[in-house]
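# Overview (structure and organization)
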Amino acid sequence: MARMKETWSYLIQVIIVSIVLEFQEIISIPMPDEEMGDIGETPPDPVKEMLARFDKSPWTVFPTETTTSRLQRDMSRYMDQFWPMQDLEKEMNIHGLIPEHLPLCPTHTLDVRYHFKHKEPSFWRKIDLAEIYEPHQVAELPRLKYPTKPNTSYIHMLIDPDHTCTRFEPSIDSSYEDLYPTTTDDLDNPQAFVHFLKVNVPSENITHGGETIVEHLPPHPPNTTGLHRYTWLVYEQPHQNMTFTEKRIPNTTAYERDWFRLNHFTHKYNLSMDPPLAGIFFYSKFDESVPYIYAHLHDVFI
């Protein structure tokens, strides 16, 4: 009986050793001092090696064609398209300004500083790209800063591509029909509401020098229209002093502001071949300060 127990014990040990050896061959565990060097050396991490092979991007570890997850596929496509871009170009693509409204990304990020009078003490605050601000925070003309060259003039503009085109019904002068067309369904040349347009600006000071075509009207997104993308753009003029034939619009009216087409304007004055010199955009939506802006307009009744 005792001999039988010893035999069974020996057989069990042999089976266990055989299983261990077979399992070791299957998973190819390197033995100490064989492939790993010293026994205290850390084994290689296969995940880190894979990330290194794919430029350390967690979204490209698995090729798109072999990915079954829609989220991974979409994120991989997003990374391939937008990851190499600079911050300004990336944000303008993500938020739909390029190529719908701007065919080319501005060369520089425009430095825009608004006077925050509602804070004590008041100060000039630099706005951040694609951030949300209340209309009363961005109501006054800001200070602009961008690279300038001597003997060069610039164009400053503030547009809102999200302002509804049917809110006003302006009487369009036939002489300006190419710049302010009466149709609203031309998708190739989207319309925008122009809040400010100044040309022949000799320096980066927006309040002095130059010729004002459209006087500044603060952002006033209509109620129930959500967030609007207010976009500041600076163009370098091909000539120092140019003649602009657009109708002058005062800051007491909203007529003819929301029929502005940037593509028409840039083509008309040979600005479309080069990207804007500088640009930035921010978001804003309706709040309790907007009706006070409407109260100063002669053609809007609320």
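Residues numbered from 1 in each chain as written. Predicted model: local features only at pLDDT ≥ 70, side-chain atom pairs only at ≥ 80, totals over all residues. Heavy atoms only, no water.

The name given to the protein in an unreviewed UniProt entry is Phosphatidylethanolamine-binding protein homolog F40A3.3, and the organism recorded there is Cacopsylla melanoneura.

### Considerations on the overall build of the protein
Note the threshold: Numbering of helices and strands runs from the N terminus; a helix is a DSSP stretch of H or I covering at least four residues, while a strand is a stretch of E covering at least two. Accessible area is worked out with a 1.4 Å probe on protein chains only. A residue is then buried under 20% of its type maximum, exposed over 50%, and partly exposed in between. Throughout, a residue-residue contact means that at least one pair of heavy atoms, one from each residue, lies within 4.5 Å. Surface exposure here means Shrake-Rupley accessible area, sampled with a 1.4 Å probe, where a residue is shielded only by the protein chains that are shown.
For the protein, the count of helices and strands is six helices and nine strands. Residue burial in the protein is summarised as follows: out of 302 residues, 39% are buried. Pairs at least 24 apart in sequence give 74% of the contacts found in the protein among residues at least 6 apart. Of the roughly 18300 Å² of accessible surface on the protein, a fraction of 55% belongs to carbon and sulfur atoms.

### A short note on the sheet that holds strand β2 (residues 111-116)
Strand pairing in a sheet takes place through backbone hydrogen bonds and is either antiparallel or parallel in direction. Rules: We treat two strands as partners when DSSP finds at least two bridges between them. Fitting a line to C-alpha atoms yields each axis, with helices limited to the stretch in contact; the angle taken between N-to-C directions then spans 0 to 180 degrees.
Ordered in space as β3-β2-β4, the three strands form an open sheet in which the pairing is antiparallel. Two strands bound the open sheet, and with one partner strand each, they are β3 (123-126) and β4 (143-145). On average, each strand axis in the sheet is tilted by 30° relative to the strand beside it, whichever way the strands run. Bridge count between β2 and β3: four bridges; the pairing is antiparallel. Within the sheet, the bridge partner assigned to Tyr114 lies in β3 and is Arg125.

### Overview of helix α4 (residues 87-94)
Within α4, burial applies to Leu88, Lys90, Met92 and Asn93. Backbone geometry just after α4 places Gly96 at a positive phi near 85°.

### Re the sheet that holds strand β9 (residues 278-284)
If you walk across this open sheet you meet the six strands as β1-β9-β8-β5-β6-β7, and the pairing is mixed. In this open sheet, the two strands that pair with only one neighbour each are β1 (108-109) and β7 (211-214). Along the sheet, α4 makes contact with β1 and β9, crossing β9 at roughly 45°.

### Looking at the confidence of the model for the protein
For the record, the criterion: Every residue carries a pLDDT, the predictor's confidence in it, which falls somewhere between 0 and 100.
Summarising the model, the protein shows a mean pLDDT of 75, and 62% of its residues fall at 70 or more. Counting contacts from residues 165-186, a segment whose pLDDT is below 50, to residues more than four positions away or on other chains yields 51 contacts.

### Section: the side chain of Arg257
Note the following rule: Whenever a nitrogen or oxygen atom comes within 3.5 Å of another N or O atom, the pair is scored as a polar contact, on the condition that within protein one atom can donate a hydrogen and the other can accept it, and that pairs from neighbouring residues in sequence are kept only if both atoms are in side chains.
Here Arg257 shows up in the loop between β8 (228-236) and α5 (262-268). Within the local environment of Arg257, its side chain forms a polar contact with the backbone oxygen of Pro250, the two atoms lying 2.8 Å apart. The residues contacting Arg257, other than those within four sequence positions of it, are Ala192, Phe193, Val194, His195, Val214, Glu215, Leu217, Ile249, Pro250 and Asn251.

### Looking at the environment of Pro291
Within the fold, Pro291 resides in helix α6 (residues 290-295). Sequence separation between Pro291 and Asn223 is 68 residues; the distance between their C-alpha atoms is 9.6 Å.

### Some words on the packing of aromatic side chains
Rules: To pair, rings of Phe, Tyr and Trp, with the six-membered ring standing in for Trp, must have centres within 6.5 Å; the planes then decide the type, stacked if under 30 degrees apart, edge-to-face if over 60, and tilted in the middle. Any Lys NZ or Arg CZ that is within 6 Å of a ring centre and within 35 degrees of that ring's normal is treated as a charge sitting over the ring.
Summed over all chains, the structure comprises eleven aromatic pairs. On the numbers, 5.7 Å between centres and 50° between planes, the contact of Phe260 with Phe265 is tilted. Taken as a pair, Phe260 and Phe265 share a single burial class, namely buried. Both rings, one in Phe265 and one in Tyr269, keep their centres 5.2 Å apart while their planes meet at 55°; by these two values the pair is tilted. The same class applies to Phe265 and to Tyr269, which are both buried. One aromatic cluster is present, built from ring pairs that chain together Tyr114, Tyr133, Tyr230 and Phe282. Taking NZ or CZ as reference, Arg143 lies 3.9 Å from the ring centre of Trp124, over its face.

### What to know about the nonpolar core
Worth spelling out the cut-off: To qualify as a nonpolar core, a set must consist of buried Ala, Val, Leu, Ile, Met, Phe, Trp, Tyr and Cys residues joined through side-chain atoms within 4.5 Å.
In this structure, Ile155, Met157 and Phe265 are the most contacted members of the largest nonpolar core, which totals 28 residues. Beyond its immediate chain neighbours, meaning those up to four positions away, Met157 contacts Phe196, Leu197, Thr231, Trp232, Leu233, Tyr235, Phe260, Leu262 and Phe265. Listed in part, the 19 residues of the second largest apolar core include Tyr154, Leu158, Phe196 and Ala278.

### Some words on the pairing of strand β5 (residues 154-160)
Across the seven residues that make up β5, a large majority, seven, are buried. Judged from the six bridges that link them, β5 and strand β6 (residues 193-201) form a sheet pairing that is antiparallel. Counterpart to Met157 in the pairing with β6 is Leu197. Bridge analysis of β5 against β8 gives six bridges, and the strand direction is antiparallel. Residue pairing in the sheet places Met157 in a bridge with Leu233 of β8.

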